[in-house]
Amino acid sequence: MRLALAEAGRAADGGDVPVGAVVLAPDGRTVLSTGHNEREATGDPTAHAEVLAVRRAAVELGEWRLAGCTLVVTLEPCTMCAGALVQSRVDRVVYGARDDKAGAAGSLWDLVRDRRLNHRPEVIEGVLADDCARLLTDFFRDR
């Protein structure tokens, strides 16, 4: 999560909402990819930290299935990102701060564990939640 927090800081430095993500290989230690929000920097509405990290991990592995992989992200994934995580077949989603306004991994919605879908990753929430939330609070307060 600390690496994801560092990525989130990079997003804030670029004027984006500070969210950072890391994809870990099935061994749980090897970092396959990182990402941070780049919507403002690129003008791409899909340039969320999770989507970018998943895309880069797929390139690194040479395939779209991220079976066995873990995504670590500073903020609970939104519906778009939750859908991408289901579609990419990640095994585990670890997040820091809850997103009661747009979260789709347990707070507002629970897309990633919807029993109607063919894949449901494990969800671990609240890892360094205070640090993750503080980064967001400080960013929006300064705006």
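Structural notes, computed from the coordinates. This structure is a prediction, so every number in the text was calculated from the model and none was measured.

Brief notes about the pattern of salt bridges
1) Next: Across all of its chains, the model carries 10 salt bridges by this definition.
2) Next: Between E125 and R98 there is a salt bridge; the shortest N-O distance is 3.3 Å. Remark: R98 occurs in the loop between β4 (92-97) and β5 (122-125) and E125 occurs in strand β5; sequence separation between them is 27 residues.
3) Next: On the accessibility criterion, E125 (38% relative accessible area) is partly exposed.
4) Next: Its relative accessible area of 42% is what places R98 among the partly exposed residues.
5) Next: Connected through salt bridges with shared partners, the residues R2, D131 and R134 form a single ionic network.

Remarks on the packing of aromatic side chains
1) Next: Following the criterion strictly, the structure yields 1 aromatic pair and no others.
2) Next: Their ring planes at 80° and their centres at 5.1 Å tell us that F139 and F140 sit as a pair that is edge-to-face.
3) Next: With a relative accessible area of 11%, F139 lands in the buried category.
4) Next: When its relative accessible area of 47% is taken as the criterion, F140 is described as partly exposed.

What to know about the sheet that holds strand β1 (residues 20-24)
1) Next: A sheet is described by the order of its strands in space; here 5 strands give the open sequence β2-β1-β3-β4-β5, paired in mixed fashion. Looking at which strands have only one partner, the edges of the open sheet turn out to be β2 (31-36) and β5. Here the average twist between neighbouring strands, direction ignored, is 15°.
2) Next: In terms of strand pairing, β1 meets β2 through 5 bridges, oriented antiparallel. Across the sheet, residue A21 finds its bridge partner in β2, namely G35.
3) Next: Contacts from helix α1 (residues 2-13) reach β1, β2 and β3 (70-75) within the one sheet, and its direction differs from that of β2 by about 35°.

Remarks on the nonpolar core
1) Next: Core analysis: the biggest nonpolar cluster contains 37 residues, and V19, V23, L66 and L71 have the highest contact counts within it.
2) Next: Within the residue set of this core, elements represented by two or more residues are α1, β1, α3 (49-61), β3, α4 (79-88), β4 and α5 (129-142).
3) Next: Tallying contributions element by element places α3 first for this core, with 5 residues.

Some points on α1
1) Next: If you check α1, its first and last C-alpha atoms are 17 Å apart, about what 12 residues at 1.5 Å a residue would give, namely 16 Å.
2) Next: Those residues of α1 that fall on the buried side of the exposure criterion are A4, L5, E7, A8 and A11. The buried residues of α1 occupy one face: seen down the axis, they fall within an arc of 160°. In α1, the exposed residues that point more than 90 degrees away from the buried face are R2 and D13.
3) Next: The elements touched by buried residues of α1 are β1, β2, β3 and α5.
4) Next: Immediately beyond the C-terminal end of α1, within one or two residues, lies G15, with a positive phi of roughly 90°.

Section: the packing of α3 against α4
1) Next: Where α3 meets α4, the closest approach of the two axes is 9 Å, and the angle between their N-to-C directions is 20°. In terms of axis orientation, α3 runs roughly parallel to α4. Taken as a pair, α3 and α4 cross one another with a handedness that is left-handed. Two secondary-structure elements touch here, α3 through E50, V51 and V54 and α4 through M80, C81, A84, L85 and S88.
2) Next: Classifying every residue of the contact of α3 with α4 gives 6 nonpolar, 1 polar and 1 charged.

Cut-offs applied
- Residues numbered from 1 in each chain as written.
- Predicted model: local features only at pLDDT ≥ 70, side-chain atom pairs only at ≥ 80, totals over all residues.
- Heavy atoms only, no water.
- Salt bridge = Lys/Arg side-chain N within 4 Å of Asp/Glu carboxyl O.
- Helix = DSSP H or I, 4+ residues; strand = E, 2+ residues; numbered from the N terminus.
- Buried < 20%, exposed > 50% of the residue type's maximum accessible area, 1.4 Å probe, protein only.
- Phe/Tyr/Trp six-rings, centres within 6.5 Å; stacked < 30°, edge-to-face > 60°.
- Pairing = 2+ DSSP bridges.
- Axes fitted to C-alpha atoms, helices over the stretch in contact; angles between N-to-C directions.
- Contact = heavy atoms within 4.5 Å.
- Core = buried A, V, L, I, M, F, W, Y, C linked by side-chain atoms within 4.5 Å.
- Expected span 1.5 Å × (residues − 1).
- Arc of directions from axis to C-beta.
- Parallel < 35°, antiparallel > 145°, perpendicular 65-115°, else oblique.
- Left-handed = near helix turned anticlockwise from the far one by under 90°.
- Nonpolar A, V, L, I, M, F, W, Y, C, P; charged D, E, K, R; others polar.

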